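# A look at the structure
Residues per chain, in single letters:
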Amino acid sequence: GQQVMQIPQYQHVQEGEDFTTYCNSSTTLSNIQWYKQRPGGHPVFLIQLVKSGEVKKQKRLTFQFGEAKKNSSLHITATQTTDVGTYFCAASSNTGNQFYFGTGTSLTVIP
Amino acid sequence: DVKVTQSSRYLVKRTGEKVFLECVQDMDHENMFWYRQDPGLGLRLIYFSYDVKMKEKGDIPEGYSVSREKKERFSLILESASTNQTSMYLCASSRTGGTANEKLFFGSGTQLSVL
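Summarised in this report is the structure supplied together with it. (Residues numbered from 1 in each chain as written. Chains lettered and ligands numbered in written order. Predicted model: local features only at pLDDT ≥ 70, side-chain atom pairs only at ≥ 80, totals over all residues. Heavy atoms only, no water.)

## Regarding the overall build of chain A
Rules: Helix and strand labels come from DSSP, where a helix needs a run of H or I of at least four residues and a strand needs a run of E of at least two; each type is numbered from the N terminus. Each radius of gyration is computed over the set of C-alpha atoms, and the globule rule expresses the reference value as 2.2 Å times the number of residues to the power 0.38. Buried means the residue's accessible area, taken with a 1.4 Å probe over protein chains only, is under 20% of the maximum for its type, while exposed means over 50%, and partly exposed covers the values in between.
Within chain A, the regular secondary structure consists of zero helices and 11 strands. Of the regular secondary structure in chain A, the N- to C-terminal order runs β-β-β-β-β-β-β-β-β-β-β. Taken over C-alpha atoms, the radius of gyration comes to 13 Å for chain A, in line with the 13 Å a tight globule of 111 residues would show. With the C-alpha coordinates aligned to their principal axes, the bounding extent of chain A is approximately 45 × 25 × 20 Å. Taking all 111 residues of chain A together, 49% fall into the buried category.

This is the structure in C-alpha cells:
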C-alpha cells in the first residue's frame, strides 16, 4: 500500500510552546485528512485538505497542504494540556479509494 | 451524530479460537473499514467494504476475513486466532461508496488479547 511517513513519533512540549507534526508521501495525494486520538480514545476527524497549497485554521491549529500535494503539516500554537493525544494524518492517492494512515505523532504537554 | 458501535471493548481469546468482531453504524454509510492499531505502526487497513456483500483487501488481510450482509453491519473474523493478532481493532465508516474523500467515523475499538 501507499506509504505515508509522519514525524516526529513523539513530542514533549512545555505548556504554551508550539508543536508541529509533518506528513510526507513519495506520490501525489488526492487529499489528506488529520485525526486526533486522545489517550484511551478513538481517532476523531479534524479536517480535510484538498487543494494544492491549501491552509486551514481551527483556532490554535493550522493545517497546510504542500504545493506539490505530497506533504502536509499540522501546527499547534501555544499548546494546552487539552491538546494531549496522538495526531494522525491519513492520505488518499489520486487512484485510491482508501486512506493510508501515518504512524502518528504522540504529543505530551507538560503543565 | 454518527454512531459506530463495536460489540466488545475488551476480548480475551485462546490461540486457535475463531473470533468475531462486530461493528454497527447507524447513519446509512456505504463505506465500512476495519483497521488494527499497534504502537509505532499507526492504523493499518485490514479490509474495507463500499457496499453490501462487497469487500476489498487492505494492506494486511492475511489471517482475517470479513462479512457484510447488511449495510449497517461489518464483521471481522479471525478464523484461527494467533498471538500476533493481539491488537486494538478499530471499525470505521464513511458516507460515500467507492471513494476516499469523506471523513471516517470510528468506533471505540476492541482490544483483543490472544493467549
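## With respect to the interface of chain B and chain A
So the rule is basically this: We call two residues in contact whenever any of their non-hydrogen atoms come within 4.5 Å of each other. As a working definition, buried area equals the accessible area (1.4 Å probe) given up by two parts on being put together, with both sides summed. Between Lys or Arg on one side and Asp or Glu on the other, a salt bridge is scored when a side-chain nitrogen of the former is within 4 Å of a carboxyl oxygen of the latter. Polar contact is defined as a pair of N or O atoms within 3.5 Å, subject to the rule that within protein one atom must be able to donate a hydrogen and the other to accept it, and that residues adjacent in sequence are counted only when both atoms are side-chain atoms.
Each partner contributes to the interface: chain B provides 25 residues, whereas chain A provides 21 residues. Between chain B and chain A, a total of about 1,700 Å² is buried, with carbon and sulfur atoms accounting for 55% of that surface. For the pair chain B and chain A, the interface holds zero salt bridges. Taken together, the connections running from chain B to chain A amount to four residue pairs in polar contact (both at pLDDT 80 or more). Those elements that provide at least two residues to the side of chain B that touches chain A are strand 4 (31-38), strand 5 (42-49) and strand 6 (56-57) of chain B.

## Some points on the side chain of Ser73(A)
Tracing the chain through its elements places Ser73(A) in strand 8 (residues 71-76). Apart from the residues lying within four places of it in its own chain, the contact partners of Ser73(A) are Thr20(A), Thr21(A), Tyr22(A), Trp34(A), Thr62(A), Phe63(A) and Gln64(A).

## A closer look at the pairing of strand 11 (residues 105-110) of chain A
Residue and element names in this part refer to chain A. What counts here: Should DSSP find at least two bridges between two strands, the strands are taken to pair.
What you see with strand 11 is a clean split: Thr105, Leu107 and Val109 sit on the buried side and Ser106, Thr108 and Ile110 on the side with no burial. As judged from the five bridges shared by strand 2 (residues 10-14) and strand 11, these two strands associate in the parallel manner. Bridging across to strand 11, valine 13 finds its partner in valine 109.

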